[in-house]
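These are the residues of each chain, in order.
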Amino acid sequence: MTARWFVVCWLAACAQQSYLGAEAPDACKATPDTQNCAAWLTARELDAAQLDVYDDPTLRDYVQSIADRLAAGSHLSQPPHVTISDHDGTYAPFGDRVVIGRITLERLGTEAEVAAVVAHEMVHVEGHHTTMSLFGPDADERWLETRRDAEGVADERAVALLEHAGYAPAAMPRALAAELDTDDDEHPPREDRIARVAALANHRTTGFEGRRELLAHEDHMIVGRDTRLGQLIGNAWVIASLGVAMRLHHEDVVHIEGDTLELHHERATLTLYPIGEPWAKELAGRLVDRHEFDTSLGIITVGVAGEDPSNDADPLARLERVVRATLPQPPAGTWVVVLDRCTDSGACAGLVIELAVSGDTITRNRWLSSLRAATEGELAAAEPTRIVLIDAPRTAKLKDLVGLCPDPDAALALDNGERPIVAGSAIKCTDRRTHARAIADVERPVQHVAVQITGER
Amino acid sequence: MLVRTIAAGSPFALATGVRRLLLASFALINLGGCASEAPPPLVAYPPLAQDCSPTRIGRVTVEGATPADVAPLAVLEGTLDDPERADRIAGVATELLQARGYPYAKLEVSRHVGCGTELHVTVHTGPRFRIARLEFRTNDEFPATERVLAVQDGLGTVNAVGGAYLEDRMKRALTALEHRYHEAGWIDATIGTPKATYDELRNEVSVSIPIAAGPRYRIGRIITRGGSAADRRTVIEALGLRGGEWYNGPRVRIGINRARHETEHRVELHYEIADQGIVDLDARVK
């Protein structure tokens, strides 16, 4: 009776749901499959809202195949879905999914090391650690201890999963050493973690390493931050993924953090960041006192950020609302300009400009009139650095071979300098010096779009 | 807003934590199976021989439940034997069972020598209880459906009729619900301690929640002080509020933010209870 009530509830409440512009899968509406539904929401959030999925199906399938091998030796009935995110950080969100950061991958040198990272996250899924933390104690010292226990268990059991899958257990301490740099309250200390998995690996180097296999999949992979999401080039902030640029003025104080640009002029502030197009549409639709302009850059919507209007009518709506509240967005009451733009290649994305100008309309209009289409030169200069493989001409440690790369320091950051390399095998380099992007002379702006707020209200 | 984080964070970085962690507030305790895609054919690498060193947990066996029911303990297989950690994890696994509706769940963990150390977990779940009734003792006009949904957790599996009862999560939800009352104009509302009554024959729980809502407040006068007459007019217009309307927290905040953006001055908003059910707003232009 109870079970039937739940199913009826789900069918009644969740039919025909969509989220960030896409229809929700059956897991979110036909059956109470929260794991898969939450996993889908996570992927949608990364892709449609944050531009945070690394779009390389071959690489994704490769890492998924590693997860498939590991899952065969676990208690899981099926492998979790793998998503490659476009930033750093690797985690298991609630749901049947692991998210592996592209920047995490670039620091690893063999397939077995990637397997070590995937195995760690898989243990979190296998051990129901998300649920464990959620329904465990409050966020106090005991909660932190629970988290540290879960992280330690994930490290150690990952060694067992590597063994079951035929990977070299010695890859686990190497992977931790490559990825960990600082300690925090939620993980055991770095040195303890490495020491414990090293004890379990017990110097066993038998098993599959797969350096050649990994490097073949990393060839041409972007290195570091994807500069197409925002890059200072000459005197302009260029968002190549949107094909737009904002000219910067000498009288402004410029602050850059990741993909976000902040301009300050006296008491006026502008904050600018790219987002996914579905999320841009949703944010634009939510603006109060909204005015829409169809410009040559795309659809520009101007207004005041409102609060999320969705109600708590059904459980999925509540889940979505909570997820949406965590996405990049302007605080309620902020003056906002949202650009919804599709480039010539058909790729669409959004741009949010938050304005807090304290009545300084001159600065506001100067800033907004600085938004224009990016030039061909700027677009080329914003191309990210990528990995290229070169063959080692002799047998040596990697640190003694990186001098062959265009940027030896960058190459050394991509691998373990002490790694022995056999003559004829590949090493990872960047395709150029990482600081060689900025172009000295910015071409003249080719297109300006002035957005006048004054008088529109 | 939920501030707890889920346990499955990165081993390497937690920078984007809060965003993904909120997903966990809707975790289902029932971790059932899922539809799967056909996996591509895999080249299997030969597995390595199991390491049965005495410092390692070589095997975990479970009696009285499935390994998935005590998943945090089941994944100790292959880890270093750390009895204190295992005891702590057994405690958390017990709490997880309680969160699934087994308030009397108990676990016993014993150790044996085999392939290294072997753990044997005996699970006594006891009866499973479901919430049969969830009553709010009040006659206020706050939307009844919103009240019910505000205390639900786990997409309806926790603190909802038919689901498990978790007192600590209920108390947390009631704190948030009390805030929503305030935001909707019941500025004096207080919510008391929930009372749960267990029916051992029917395996049912009845939950009763007392709410003292008090009056719902309307906006009285809207006063502006300081600045020029033009500033004050701008503030009044930007606030977009009228005397006689129900007090609404989000609308007031949007209004004051709009006023701040449209004047060159800082604007502070003060509230004053003018009368029973009337709140005056006092905007001060600095």
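Conventions used here
- Residues numbered from 1 in each chain as written.
- Chains lettered and ligands numbered in written order.
- Predicted model: local features only at pLDDT ≥ 70, side-chain atom pairs only at ≥ 80, totals over all residues.
- Helix = DSSP H or I, 4+ residues; strand = E, 2+ residues; numbered from the N terminus.
- Buried ≥ 20, exposed ≤ 12 C-beta atoms within 10 Å, placed from the backbone.
- Contact = placed C-beta atoms within 7 Å.
- Pairing = 2+ DSSP bridges.
- Axes fitted to C-alpha atoms, helices over the stretch in contact; angles between N-to-C directions.
- Core = buried A, V, L, I, M, F, W, Y, C linked by C-beta atoms within 7 Å.

A. Representation of the overall build of chain A. Each helix and strand counted, chain A has 15 helices and 19 strands in total. In chain A, buried positions account for 54% of the 457 residues. Within chain A, contacts between residues separated by at least 24 positions form 69% of all contacts whose residues are at least 6 apart in sequence.

B. Local environment of the pairing of strand 6 (residues 236-239) of chain A. Residue and element names in this part refer to chain A. The alternating pattern of strand 6 places A236 and V238 and W237 and I239 on opposite faces, both of which are buried. Judged from the three bridges that link them, strand 5 (residues 231-233) and strand 6 form a sheet pairing that is antiparallel. Paired with I233 across the two strands is A236, which belongs to strand 6. In sequence, strand 5 turns back onto strand 6 through a hairpin of two residues, with G234 there showing a positive phi of about 60 degrees.

C. Spotlight on the environment of A116 of chain A. All names here are of chain A. Within the secondary structure, A116 is located in helix 5 (residues 111-126). Distance from A116 to S18, taken between C-alpha atoms, is 36 Å for residues 98 residues apart in sequence. In this structure, A116 is in contact with A158, L162, A171, M172 and A175, ignoring residues within four places of it in sequence.

D. Summary view of the sheet that holds strand 11 (residues 288-294) of chain A. Residues and elements named next belong to chain A. Read from one edge of the open sheet, seven strands run 8-9-10-14-13-12-11, paired in antiparallel fashion. Strands with a single pairing partner mark the edges of an open sheet, and in this sheet they are strand 8 (253-257) and strand 11. Across the sheet, the mean angle from the axis of one strand to that of its neighbour is 15 degrees, orientation sign disregarded. Judged from the five bridges that link them, strand 9 (residues 260-265) and strand 10 (residues 268-276) form a sheet pairing that is antiparallel.

E. Quick peek at the nonpolar core. Residues and elements named next belong to chain A. Grouped together as the largest cluster of nonpolar side chains are 99 residues, with contacts concentrated most on A115, V118 and L162. Looking at this core, the element that brings in the most residues is helix 5, giving 10 residues. Ignoring sequence-local partners within four residues, the contact set of L162 consists of A112, A115, A116, A119, Y167, P169, A171 and M172. Core analysis: the next-biggest nonpolar cluster, separate from the first, contains 62 residues, Y273, I275, V352 and L355 among them.

F. Seen up close, the sheet that holds strand 15 (residues 371-373) of chain A. Residues and elements named next belong to chain A. Reading across the sheet, the four strands line up as 5-6-7-15 and stay open at both edges, with antiparallel pairing between neighbours. Of all the strands in the sheet, just strand 5 and strand 15 have a single pairing partner and so form its edges. Direction aside, neighbouring strands of the sheet carry axes that sit 35 degrees apart on average. Two elements, strand 6 and strand 7 (residues 244-247), share four bridges in a ladder whose sense is antiparallel. Its bridge partner being in strand 7, A236 is matched across the sheet by R247.

G. Local environment of the pairing of strand 2 (residues 106-114) of chain B. In terms of strand pairing, strand 2 of chain B meets strand 3 (residues 116-124) of chain B through nine bridges, oriented antiparallel. Looking at strand 3 of chain B, one finds that S110 of chain B is bridged to H120 of chain B.

H. Spotlight on the environment of R341 of chain A. Looking at the element boundaries, R341 of chain A is found in strand 13 (residues 335-342). Filtering out sequence-adjacent residues up to four positions away, R341 of chain A remains in contact with L242, G243, V244, L297, G298, C348, A349 and L351 of chain A.

I. Quick peek at unusual backbone geometry. All names here are of chain A. Of note, L51 is a non-glycine position whose phi angle comes to about 50 degrees, a positive value. With respect to the helices and strands, the residue L51 is situated in the loop between helix 2 (34-49) and helix 3 (57-72). With 25 C-beta atoms packed within 10 Å, L51 lands in the buried category. In this structure, H220 is a non-glycine residue whose phi angle is positive, near 75 degrees. Tracing the backbone shows H220 in the loop between helix 10 (211-218) and strand 5.

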